[in-house]
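# Overview (structure and organization)
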Amino acid sequence: MRFSILASGSTGNSVYIENDLGAYLVDAGLTAKRVEAQLAKIGRSMKNVNAIFVTHEHSDHIKGVGVLARKHGIPIYANQKTWQAMDGLVGDIALEQRFQFDMETVHAFGSISIESFAVSHDSVDPMFYVFHEGDRKLAIITDTGYVSDRMKGIIKSADSFVFESNHDVGMLQMGRYPWSVKRRILSDVGHVSNEDAAIAMSDVIEQKETQIYLSHLSRDNNMKDLARMSVEQTLQTCGIVAGEFVHLHDTDAEEPTELITV
């Protein structure tokens, strides 16, 4: 199993996952044209994609879903409430392309099993996904105000994480956002900070080679170096030394990561 983070952040989010039998997108929060351009940068195209799995209805996660569905005839999966919230936002999608992926369920696609789980965000019914193939595990978790014990139990011991590290609390508090937006980001239905993300990571990392990709970094309230430093320091406080078996990476909002083997 391999993956690439095509985009991550408030301007758009999409993750590409593949194995030898199929390929999938989690979200398509860029224009369809840009999704296709990002795939081309890693030597892939929408012809490789068998399905798109939607996490929630915010524009930075569904912007390209409708056009991609109509242009390429791709099946789209989302839970019932998310479908209802998306209906006026993505245009017409043929009934035969609309599939329901309920919360807290597992579906098999060839040799990959995909598990959905609830997160805490200000959308109607947000959920993210864990991809399993054999004994390998990829967990994707962004857009959550906190990481509950239940979430931790589902993502625990993944070999690769795409993990939200949205903001530095000090930068956010001192920044230009109005207080109503700051309050939303800091709330239980907002986004996790660097420090809170690292504390959650310390509970789900096991003693094995682990790749962590810090994602959904705020352009205004975070910096790559600051996020990595904050996470490293917090993990070290929790007894985990980055670099021994935990390998931290940041993501670029503009450029896709190279294909990563889970």
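Rules used in this analysis
Residues numbered from 1 in each chain as written. Predicted model: local features only at pLDDT ≥ 70, side-chain atom pairs only at ≥ 80, totals over all residues. Heavy atoms only, no water. Pairing = 2+ DSSP bridges. Helix = DSSP H or I, 4+ residues; strand = E, 2+ residues; numbered from the N terminus. Axes fitted to C-alpha atoms, helices over the stretch in contact; angles between N-to-C directions. Contact = heavy atoms within 4.5 Å.

Going by an unreviewed UniProt entry, the chain carries the name MBL fold metallo-hydrolase and comes from Sporosarcina jeotgali.

### Describing the sheet that holds strand β1 (residues 2–7)
Reading across from one edge, β6-β5-β4-β3-β2-β1-β14 is the order of the 7 strands in this open sheet, with mixed pairing throughout. Each having just a single partner strand, β6 (98–100) and β14 (260–261) make up the two edges of the open sheet. Sheet topology places β1 next to β14; 2 bridges connect them, and they run antiparallel. Each bridged residue has a counterpart across the sheet, and for R2 the counterpart in β14 is T261.

### Quick look at the sheet that holds strand β13 (residues 246–250)
The mixed open sheet is built from 7 strands, whose spatial order is β7-β8-β9-β10-β11-β12-β13. Edge positions in the sheet fall to β7 (106–109) and β13, since each of these pairs with one other strand and no more. Strand after strand, the sheet turns through a mean of 20° between neighbouring axes, direction not considered. With 6 bridges connecting them, strand β8 (residues 112–118) and strand β9 (residues 127–133) associate as antiparallel partners. Residue pairing for β9: I114 is matched across the bridge by F131. Along the sheet, helix α8 (residues 194–204) contacts β11 (160–164) and β12 (210–215); its crossing angle with β11, the most-contacted strand, is approximately 155°.

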